[in-house]
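Notes for the structure review
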Amino acid sequence: MDDGARWRRRAVADLMSTPPVTALPEESMADVAVRMDKEGVSCVVVVAGDRPVGIVTERDVVRFAASGDDPATTPVRRWMTEGPDVVEPTSEAGEVIARLDERGYRHVPVVDGGRLVGVVSMRDVMRIAQVQPMVHPGELEAPKGLAGVIVAETEIGDVRGQEGFYHYRQYDARELAERRSLEDVWYLLFHGELPDARQRAAFDEQVRPQRELPATVRSLLPAIAGAGETFLPLQALRSATSVTAAALDFRPCLDVSATQLRADAVRLCALLPTLIGALYRLRNGLEPVEPHPELSHAANYLWMVTGEVPDPEHARAIEQYLISTVDHGFNVSTFTARVITSTGADLGAAVVGAIGALSGPLHGGAPSRALDMLDAIGSPDRAEAWIRDAVASGGRIMGFGHRVYKTEDPRSALLRTLAQRLGGDKAAFAAEVERTIVDVLAELKPGRELYANVEFYAGVVMERCGLPPEMFTPTFAASRSIGWCANIIEQAGDNRIIRPSARYVGPPPPEPVPWPAE
Ligand code: ACO
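These lines cover the structure that appears in this document, whether it is placed above or below. (Residues numbered from 1 in each chain as written. Predicted model: local features only at pLDDT ≥ 70, side-chain atom pairs only at ≥ 80, totals over all residues. Heavy atoms only, no water.)

Once that is clear, we can look at the sheet that holds strand β9 (residues 171–172). An order of β7-β8-β9 is seen for the three strands of this open sheet, with the pairing classed as antiparallel. At either end of the open sheet lies a strand with only one pairing partner, and these are β7 (157–160) and β9. As defined by bridge partners, strand β8 (residues 165–168) adjoins β9 across two bridges and the pair is classed as antiparallel. Directly across from His167, in β9, lies its bridge partner Asp172. (Pairing = 2+ DSSP bridges. Helix = DSSP H or I, 4+ residues; strand = E, 2+ residues; numbered from the N terminus.)

Have a look at this one:
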């Protein structure tokens, strides 16, 4: 008999807790709660003589506490589960665990000839179960990387990979980038509708003053910007965001109202560009510049990085880039933000986690690498050999491929047009290299459908508008923070903790733990 079969045959008599902790039906809930605590048990069997007539568990006590009834005068019979399911001492552990699992109980009284002799709990059975994996009905195996798995419902937007289409709420995101301002799109994501003129003005009035740094954060930024030999702006932004959330007294989203959570979200999204600009300037020995009250969110961002009022064409191009990257389905950083929010943590924790996820080269860290690649290729005639070499040595071509898009990424098409409108040698060169890369990848990786993603032209556009390469990913963070926050608000509004499972594939437990060597 293998170990799995052996534990299943063990008799309940060997596992049960005995004598059981009991109560009489007329005893008060207060007395029962005290007894549970004192005895360290999570259930009490209610008896008439030596027969079980009910069971009260910790869960019942918690529900009772929430009811507001008086514990000193409420008899336990009102809150107990009457006529509980029972097992006999000779019942087998395998049979008991199946019953517990099937009916969702955690405890079962044990009776011998109608007389209560003990209680057996899920924990007692698991202790001897040699940790054999149980088969849970409804347990599903998700593909590696959760590819294609739908894990939530959202009203914020979606990505249709086969069609090369994505949208925010009910609007085509590319059309929004063409026709509206970033503030309008921000409003759309937070409020579910595009603002009218009055709402737009009110939102502007709300947002602009919130770009100011809190004094405590301002004094800490030089230390954050100066940390480390190499400046990794997203690391610095992560730290600064964490400090900001503390300075602004963000509270767990479980404890704040939806209105407060949205106010926290507006504050953080308004502030993030200021943090990015200040960190960059401090690291480069420059004084941070104060937010410009007359400028739009996008133009003010350029102002705070460069210290110059931007050319309107550049400000609009950056605004369109920001709009096009505000949100994008359940991408990794958004998912991260929602997972953290699902624990009830504060908005700052969720955004810091999302920044961490975005910093990875496979997610948001690609645009400067894509631009480096263009520099390394140098001229169109060298592109093919360079790409073949990179793929042959197992490398990934930065700015190409996408989990969801199996056709052209619409953001890449938008940014290509934008890059061409802005002009410059890099835009034309990038378009030529893009064609070569698509052809070479189609030959070397047939069937994988690898096309340029949002990151390929992002660097070309941003560089042309005066942003240095180390600002590419932070700029992405500045826009995506709006999408993260919209998702945080949505998750907090209809929450269930996100807690999947993993299949354990290591050596079978439990091996005896060796004593330490003398
Ligand atoms: N260059 C070369 N080959 C690639 C590339 C690429 N950029 N992307 C995917 N492939 C190949 C893989 O090697 C794999 O080939 P195989 O079947 O021979 O093993 C196949 O295509 C499938 O790749 P996966 O890694 O399974 O695809 P996945 O959906 O998991 O990854 C990702 C998507 C991470 C974006 C990937 O395409 C990649 O690494 N791209 C480069 C980095 C990048 O540009 N990231 C930015 C993405 S956009 C964003 O997050 C904002």
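Ile397, Gly399, Phe400, Arg403 and Arg448 are the nearest of the 20 residues found near the ligand. A distance of 2.9 Å separates an oxygen atom of the ligand from a polar side-chain atom of Arg396. With respect to the ligand, the backbone of Ile397 contributes an N or O atom lying 2.8 Å from a nitrogen atom. Alone, the ligand offers 920 Å² of accessible surface; in the complex the protein occludes 75% of this. A class-by-class count of the residues in the shell around the ligand yields ten nonpolar, five polar and five charged. (Near = heavy atom within 4 Å. Polar contact = N/O pair within 3.5 Å; in protein donor to acceptor, adjacent residues only side chain to side chain. Areas by Shrake-Rupley, 256 points an atom, 1.4 Å probe, with all protein chains shown as cover. Nonpolar A, V, L, I, M, F, W, Y, C, P; charged D, E, K, R; others polar.)

With six of seven residues buried, strand β3 (residues 51–57) is to be regarded as a mostly interior element. Judged from the six bridges that link them, strand β2 (residues 43–48) and β3 form a sheet pairing that is antiparallel. If you follow Ala48 over to β3, its bridge partner there is Arg51. Adjacent in sequence and paired antiparallel, β2 and β3 are bridged by two residues, among which Gly49 carries a positive phi angle near 65 degrees. Relative to strand β4 (residues 81–82), β3 runs antiparallel, the two being bridged by two bridges. Within β4, the residue paired with Ile55 across the bridge is Thr81. (Buried < 20%, exposed > 50% of the residue type's maximum accessible area, 1.4 Å probe, protein only.)

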